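# Observations on the three-dimensional arrangement
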Amino acid sequence: MFKPDFVAAAPAPAPVPLTPAPLMPAPPPGAAADWTVPERWDKFTAEDHRVWDLLFARQQERLAGRAVRDFEDGLDVLRLGHGGIPRLSELNARLEPRTGWTVVAVPGLVPDEIFFDHLSKRRFPAGNFIRSAAQLDYLEEPDIFHDVFGHVPMLAQPRVADFMQKLGEAGLRAIGTGALHRLARLYWYTVEFGLAREDGALKIYGAGLASSFGECGFSLDSAEPGRPPFDLRQVLRTRYKSDAFQRCYFVIESFEQLLDTFAGSDLPALYQAVESEGDLDPAEAGEPVQA
Ligand SMILES: [Fe+2]
């Protein structure tokens, strides 16, 4: 799982370091070097499974007609609504033959290097816990419902699967050049909070929206946020908030548009180019797209 809440300010020019770079935190006890842990599905309680079923039923009803077809198809082929928290082994048996992706269990948020390394190898890290019934709409960290229900259906689509792997590779490169805060904005405004136009209507494809009871409606129906057309340069310049509903949702015309733009862009050159242009407030990111 990944919560890209980096400081949005541009990185300072790199001075000669006076102290060694901080070491990446060690994995917690019981986790492997890549922070994965045994799934231990048997440790989930009946209450945990009840929470999953409650969230699943509520969110599927809420999403009806609001999500892109690829998301709905992914839910169907992965059979995520089979009852109770899915076993990752069973989920992977359906996911891996389709796109080569697997879901791996991690104990919580993982370091950026670890997260993007997993993506680059077509592994999606999912939190090995679920929220309590008393906190259905409040999450300090993404849990298995957000990670599996929100993200995995789209990973069953070959175009999105390829895009996510390339994002992983781009993330690792961005870490190496101090540009991760730029790449994080692309991740944020597509993978987490992306909207798409489909058959003339706005639909959800971002996991942060697909798994959120409140924001999935807000993103499509509210007059408050802007919905500018996807523009990679604008996305890289636009700040975001990770602790409130977004004030801006970028709209792609198709996944082909997103992939073609990504594949045809020199990201390191763009990172450099936008440094001199300054950041944008999400409310100023562009003209809204009419729903
Ligand atoms: Fe997420």
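Look above for the structure.
These numbers come from a predicted model, not from an experiment.

Rules of the game
- Residues numbered from 1 in each chain as written.
- Predicted model: local features only at pLDDT ≥ 70, side-chain atom pairs only at ≥ 80, totals over all residues.
- Pairing = 2+ DSSP bridges.
- Helix = DSSP H or I, 4+ residues; strand = E, 2+ residues; numbered from the N terminus.
- Buried ≥ 20, exposed ≤ 12 C-beta atoms within 10 Å, placed from the backbone.
- Contact = placed C-beta atoms within 7 Å.
- Arc of directions from axis to C-beta.
- Expected span 1.5 Å × (residues − 1).

### Points about the sheet that holds strand S5 (residues 251–252)
What holds strands together in a sheet is hydrogen bonding between their backbones, with the strands either parallel or antiparallel. Taken in spatial order, the 3 strands of this open sheet run S4-S3-S5, and their pairing is mixed. Sheet topology places strand S4 (201–204) and S5 at the edges, where each strand pairs with a single neighbour. Across 2 bridges, the pairing between strand S3 (residues 195–198) and S5 is parallel. Among the inter-strand pairings, Leu195 is bridged to a residue of S5, identified as Val251.

### Some thoughts on unusual backbone geometry
In the Ramachandran plot, Arg79 falls in the positive-phi region, its phi being about 55 degrees despite a non-glycine side chain. Its identity is not glycine, yet Arg122 carries a phi of approximately 60 degrees, on the positive side. With respect to the element layout, Arg122 can be found in the loop between helix H4 (112–120) and strand S2 (123–127). Note on Arg122: 18 C-beta atoms within 10 Å, which makes it partly exposed.

### Looking at the environment of Ser120
Relative to the elements of secondary structure, Ser120 occurs in helix H4. A sequence separation of 43 residues divides Ser120 from Phe163, and the C-alpha atoms of the two residues are 10.0 Å apart. For Ser120, the contacting residues outside a window of four places in its chain are Gln165, Gly168, Glu169 and Leu172.

### Re helix H2 (residues 69–78)
Three or more residues of H2 are buried, namely Asp70, Phe71, Gly74, Leu75 and Leu78. The arc that holds the buried residues of H2, viewed along the axis, is 140 degrees, so those residues lie on one side. Taken together, the buried residues of H2 touch helix H3 (88–99), helix H5 (144–155), helix H6 (158–177) and helix H8 (207–210). Downstream of H2 by one or two residues, Arg79 has phi in the positive range, about 55 degrees.

### Observations regarding H6
The end-to-end C-alpha distance of H6 is 29 Å, a good match for the 28 Å that 20 residues give at a rise of 1.5 Å each. For H6, the full list of buried residues reads Val160, Phe163, Met164, Leu167, Gly168, Ala170, Gly171 and Ala174. Buried residues belonging to H6 abut H2, H4, H5, helix H7 (180–192), helix H11 (255–263) and helix H12 (267–275). Looking one or two residues past H6, Gly178 carries a phi angle of roughly 70 degrees, positive in sign.

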